[in-house]
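Coordinates in review
Letter by letter, the chains look like this.
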Amino acid sequence: MKFYDREQEIAYLQKTRETAKKVARFTVVTGRRRIGKTTLIREAYKDQPFVYFFVARKAEPDLCEVFLEEINEKLGIPTLGTSRRFSEILRYLMQLSQTQSFTLVIDEFQDFYRVNKAVFSEIQNIWDEYEKTSHINLVVCGSIFSMMQKLFKDKKEPLYARNTGELRLKPFRPSVLKQILADAKPGYSNEDLLALFSFTGGVAKYVSQLVDGGALDREEMIRQIVSANSTFLTEGKNNLIEEFGKDYGVYFSILSCIARGKNTRNEIEDVIGKEVGGYLTNLEKEYELIAKRQPLFEKSSMKNVRYELDDVFYSFWFRFIFKYNYILEIENYSKLQDIIQRDYNTFSGLMLEKYFHRVAIESGNYTRIGRWWDRRGENEIDMIAEDELSNMAEFFEIKRQKEDISINVLKQRAEAFLRATHEFRGYSFSYIGLSMSEM
């Protein structure tokens, strides 16, 4: 699959490179695994050579040998001979950048922790020494999101606040998914689009795997995802076990509960059989995998709380792959394919709501977007979008099929919302049904 989107991110990285010609820049590129961080950096800097260090999990002297070869190849200058310490190489490059501006990219940056924990303190000291006189464009990224956040945002860490910029990479927007499908399958259906979103969430690597594999409709996507040797089957474990450490079993169980619709703390604790408050906080704040949702304008921060998986792919993975792993253990791939087909309409209906929330965000038309439900569970509104500049609010009912939408019911629920919250006084209102037809 060719490179798509990321115009703003590329512009940011290129502008940072130009700024570094005057003053040193230290940019942290973050985002979940498979989102395309390394590919983005390579695309942004493809017009001129840059020094690229990949922090493999090996001895520091072995890493340094590879790094020195990279410097010689990309900069075409003799290096400092041999070195067994990364700090010596970085000091050399910082000194070199006093007279020559260039880009240094360090990938899997967090893995210095496994190579030599002292590296982060050494980087801090060298950066502090040369930042004012250097013209280096230093870009670091890593695949363990929580560790990258900790390194630069925890006051106890040596690199706290040392970066001069941060670029957070998000999944492809709905408009980009539509462009990708249009290129790969002219005349694609909205069912195809919903399936691509429901199974990938717009994560670049997953989209690329399906598109390059020719899986462009629901049935083919399911067959490719659930098949022998499919990388999709191990993605959750590969991506998250290292994030969670020894407690990964509890975290996986909680995420599985949420993916199955057990989205209140009491419901989760009934299934898990233990207190999960601390785990939920970590999943929300540290790992940013779930979101704590409340109805719009809920005044208490503790009441009427629901937890949702923010990542669409993990919603799918925990709902089907993790839950039915016992089927995969006996290699009955066709049976799991049938189960996904059986439950697809219900699952994709929930993902359709997420899709239209992203569409509303991408439109830039609103100042507030959210959902609402009452405490008795009698009234729920799939999406409410407000534009406070024009005193306008729109209420949305979202269903897979248009015939399942009732605008009259939506108006009744909106009236319940207005009575309960006393918000939007003097506003004009619109009541809109959204289905796959509006994708």
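The coordinates are above.
We now turn to the structure provided with this report. Please read all numbers here as calculations on a predicted model, not as lab measurements.

Cut-offs used in this document
Residues numbered from 1 in each chain as written. Predicted model: local features only at pLDDT ≥ 70, side-chain atom pairs only at ≥ 80, totals over all residues. Heavy atoms only, no water. Helix = DSSP H or I, 4+ residues; strand = E, 2+ residues; numbered from the N terminus. Contact = heavy atoms within 4.5 Å. Buried < 20%, exposed > 50% of the residue type's maximum accessible area, 1.4 Å probe, protein only. Axes fitted to C-alpha atoms, helices over the stretch in contact; angles between N-to-C directions. Parallel < 35°, antiparallel > 145°, perpendicular 65-115°, else oblique. Left-handed = near helix turned anticlockwise from the far one by under 90°. Nonpolar A, V, L, I, M, F, W, Y, C, P; charged D, E, K, R; others polar. Pairing = 2+ DSSP bridges. Core = buried A, V, L, I, M, F, W, Y, C linked by side-chain atoms within 4.5 Å. Phe/Tyr/Trp six-rings, centres within 6.5 Å; stacked < 30°, edge-to-face > 60°. Lys NZ or Arg CZ within 6 Å of the ring centre and 35° of its normal. Patch = residues over 30% accessible without salt bridge, like charges linked within 9 Å, V, L, I, M, F, W, Y side chains within 5 Å. Areas by Shrake-Rupley, 256 points an atom, 1.4 Å probe, with all protein chains shown as cover. Salt bridge = Lys/Arg side-chain N within 4 Å of Asp/Glu carboxyl O. Lys, Arg positive; Asp, Glu negative; His and termini not counted. Charge placed at Lys NZ, Arg CZ, Asp CG, Glu CD.

This paragraph deals with the environment of Val51. Relative to the elements of secondary structure, Val51 occurs in strand β2 (residues 51–54). It is 8.6 Å that separates the C-alpha atoms of Val51 and Glu73, two residues lying 22 residues apart in sequence. Filtering out sequence-adjacent residues up to four positions away, Val51 remains in contact with Glu70, Ile71, Lys74, Leu75, Thr103, Leu104 and Val105.

So, about the side chain of Arg17. Assignment of secondary structure puts Arg17 in helix α1 (residues 7–19). Look at Arg17 and you get buried, because its relative accessible area is 8%. Apart from the residues lying within four places of it in its own chain, the contact partners of Arg17 are Ala44, Tyr45, Asp47, Gln48, Thr103 and Asn137.

A few words now on the packing of helix α3 (residues 60–75) against helix α4 (residues 86–96). Across the interface, α3 lies against α4 with an axial gap of 9 Å and an inter-helix angle of 20 degrees. With respect to each other, α3 and α4 are oriented roughly parallel. Crossing of α3 against α4: the hand is left-handed. Counting all contacts with α3, which are made through Glu60, Cys64, Phe67, Leu68, Ile71 and Leu75, the residues of α4 involved are Phe86, Ile89, Leu93 and Leu96. By residue class, the composition of the contact of α3 with α4 is nine nonpolar, no polar and one charged.

The mixed open sheet is built from four strands, whose spatial order is β8-β9-β10-β11. Each edge of the sheet is formed by a strand with only one pairing partner; in this case those strands are β8 (368–373) and β11 (428–434). Strand-to-strand, the axes of this sheet are offset by a mean angle of 25 degrees, without reference to chain direction. Judged from the five bridges that link them, strand β9 (residues 380–387) and strand β10 (residues 392–398) form a sheet pairing that is antiparallel. Bridging across to β10, Met383 finds its partner in Phe396. The sheet contacts of helix α18 (residues 333–363) involve β8, β9, β10 and β11, and relative to β8 the element is tilted by about 150 degrees.

Spatially, five strands are ordered β2-β3-β4-β1-β5 in an open sheet, and the strand pairing comes out parallel. Edge positions in the open sheet fall to β2 and β5 (165–168), since each of these has one partner strand only. If you compare each strand with its neighbour and ignore which way they point, the axes differ by 20 degrees on average. Its contacts with the sheet place α3 against β2 and β3 (102–107), and it is angled at close to 165 degrees to β2.

Ranked by size, the top nonpolar core spans 92 residues in total, and within it Phe199, Phe244, Ile254, Leu255, Leu283, Phe316 and Leu336 carry the most contacts. The element that contributes the greatest number of residues to this core is α18, accounting for eleven residues. Here Leu255 is in contact with Leu240, Phe244, Leu283, Leu289, Ile290, Leu309 and Phe318, once residues within four sequence places are set aside. In terms of nonpolar packing, the next biggest core, distinct from the first, is built from 42 residues, Phe53, Ile106, Phe120 and Ile123 among them.

For the rest of this paragraph, the subject is the packing of aromatic side chains. Enumeration over the complete set of coordinates arrives at 45 aromatic pairs. Note on Phe244 and Tyr251: the rings are 4.6 Å apart at their centroids and 25 degrees apart in plane angle, and the pair reads as stacked. Ring geometry for Phe417 versus Phe424: centroids 5.6 Å apart, planes at 45 degrees, classification tilted. Across the pair, Phe424 and Phe417 agree in class, each one buried. Positioned above the aromatic ring of Phe50 is the side chain of Lys74, whose terminal nitrogen or guanidinium carbon lies 5.6 Å from the ring centre. Geometry around Trp373 places Arg306 over its ring, the cationic atom sitting 4.0 Å from the centre.

All right, on to a negative patch on the surface then. Among the surface-exposed residues, Asp62, Glu65, Glu69 and Glu73 lie close enough to one another that they form a single negatively charged patch. Assignment of secondary structure puts Glu69 in helix α3.

For side chains bearing opposite charge, pairing can occur when the charged atoms are close. Going through the model one piece at a time under the given rule, you end up with 42 salt bridges. Between Asp5 and Arg173 there is a salt bridge, with its nearest N and O atoms 2.5 Å apart. Taken as a pair, Asp5 in the segment before α1 and Arg173 in the loop between β5 and α8 (174–184) lie far apart in primary sequence, 168 residues in all. Relative accessible area serves as the criterion here: at 15%, Asp5 is assigned to the buried category. Close ionic contact of Asp343 with Arg342 constitutes a salt bridge, the shortest N to O distance being 2.8 Å.

Keep in mind these numbers describe shape, not what the thing actually does.
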